[in-house]
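# Reading the structure
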Amino acid sequence: MRDVSATKLPARTNYLLPQDLRRLYDVVADDRNEFEAAAIQMLILTARRPSEIRNLAWAEIDFDKGTITIPSERTKTGTEDTFPLTPRMVAILKNVPQHNGPLVFSRDGGHTPISLNLVRVRELLGAVPDFTGEWRFHDFRTSLGTALDDADAPYHEKEIMLSHSLGPLDRTYSRSNRLGIKTKWLEWWDSAIFGADHA
């Protein structure tokens, strides 16, 4: 391998701007796969890990309290995570057909989570200006993280929004679900994507 010259990979701009996410949100709304479209819209609005949305259960949604709670066994940090529902999220979920099975995004009556066809969804969106490489659903999280940095969000609030593990002080002395912080920034993210069309 000493004779093999090093190859430098091109830089990858692995995030989408709010206007690209709006374009994707709109184009999947007209797609024939209603469960996949709704799941992708929820990924855009929440910037959650794809597995957390794909496997979302109706029991994890509390429309009365306006929250979704991902149980500890389904989070990367191993701790329960609650975040607020924005009006746009509520509208999406209320339009998803509810069957006998526990899962929200499922084509077999709520028993098996859907698969998200990344290649097909990329084709629906088409070209993304100034984007190097092929984007992934996880890049929605990088999109939010970058936007929060550009908005000078406090670092610990970005960590909260991306559902990362916090420091030992928080783990030991706080049991807060930080809904106030999450509400503030999820509403801000909705406005960043939709602008004046905020509903």
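Worth saying up front: this structure is predicted, and the values here are computed from it rather than measured.

Moving on, we get to the overall build of the chain. Counting its regular elements, the chain contains nine helices and three strands. Along the chain direction, N to C, the helices and strands of the chain fall in the order α-α-α-β-β-β-α-α-α-α-α-α. Relative to all contacts within the chain whose residues are 6 or more apart in sequence, the contacts with residues 24 or more apart total 62%.

With that settled, consider the nonpolar core. In globular proteins that are soluble, nonpolar side chains generally tend to be buried together. Core analysis: the biggest nonpolar cluster contains 52 residues, and Leu-24, Ile-68, Leu-93, Phe-105, Trp-135, Phe-137 and Phe-140 have the highest contact counts within it. Elements supplying a minimum of two residues to this core: helix H1 (18-29), helix H2 (34-46), strand S2 (67-70), helix H4 (87-94), helix H5 (118-125), helix H6 (139-150), helix H7 (155-161) and helix H9 (179-194). By residue number, the principal contributor to this core is H2, which donates nine residues.

What follows concerns the side chain of Ser-106. Turning to its location among the elements, Ser-106 is positioned in the loop between H4 and H5. Here Asp-108 takes part through its side chain, which lies 2.6 Å from a polar atom of the side chain of Ser-106. There is a polar contact of 2.7 Å between the side chain of Ser-106 and the backbone oxygen of Thr-112. Excluding anything up to four places from it in sequence, Ser-106 contacts Phe-35, His-111, Thr-112 and Ile-114.

Under the counting rule described, the total for this entry stands at 13 salt bridges. Across the pair Arg-74 and Glu-60 runs a salt bridge, and its minimum N-O distance is 2.6 Å. You can see Arg-74 sitting in the loop between S2 and strand S3 (81-84) and its partner Glu-60 sitting in the loop between helix H3 (50-54) and strand S1 (61-62), a full 14 residues away along the chain. Accessibility assignment for this pair places Arg-74 and Glu-60 in one class, buried. One salt bridge in this structure joins Glu-157 and Lys-184, with 3.0 Å as the shortest N-O distance. Taken together, the positions of Glu-157 in helix H7 and Lys-184 in helix H9 put the pair 27 residues apart, joining distant regions of the chain. Lys-184 gets classed as partly exposed once you look at its relative accessible area, which sits at 42%. Connected through shared salt-bridge partners, Arg-48, Arg-49, Glu-52, Asp-81 and Lys-182 make up one network.

This part takes up the confidence of the model for the chain. With 86% of its residues at a pLDDT of 70 or more, the chain has an overall mean of 89. Across the chain, S1 holds the top mean pLDDT of 98, while helix H8 (residues 168-173) sits lowest at 66.

Moving on to the pairing of S3. In S3, alternate side chains face the same way, and those of Asp-81 and Phe-83 on one face and Thr-82 and Pro-84 on the other are all buried. Inspection of the sheet shows S2 paired to S3 by four bridges, in the antiparallel sense. The partner of Ile-70 across the bridge, within S3, is Asp-81.

Cut-off values and rules
- Residues numbered from 1 in each chain as written.
- Predicted model: local features only at pLDDT ≥ 70, side-chain atom pairs only at ≥ 80, totals over all residues.
- Heavy atoms only, no water.
- Helix = DSSP H or I, 4+ residues; strand = E, 2+ residues; numbered from the N terminus.
- Contact = heavy atoms within 4.5 Å.
- Core = buried A, V, L, I, M, F, W, Y, C linked by side-chain atoms within 4.5 Å.
- Buried < 20%, exposed > 50% of the residue type's maximum accessible area, 1.4 Å probe, protein only.
- Polar contact = N/O pair within 3.5 Å; in protein donor to acceptor, adjacent residues only side chain to side chain.
- Salt bridge = Lys/Arg side-chain N within 4 Å of Asp/Glu carboxyl O.
- pLDDT = per-residue confidence, 0-100.
- Pairing = 2+ DSSP bridges.

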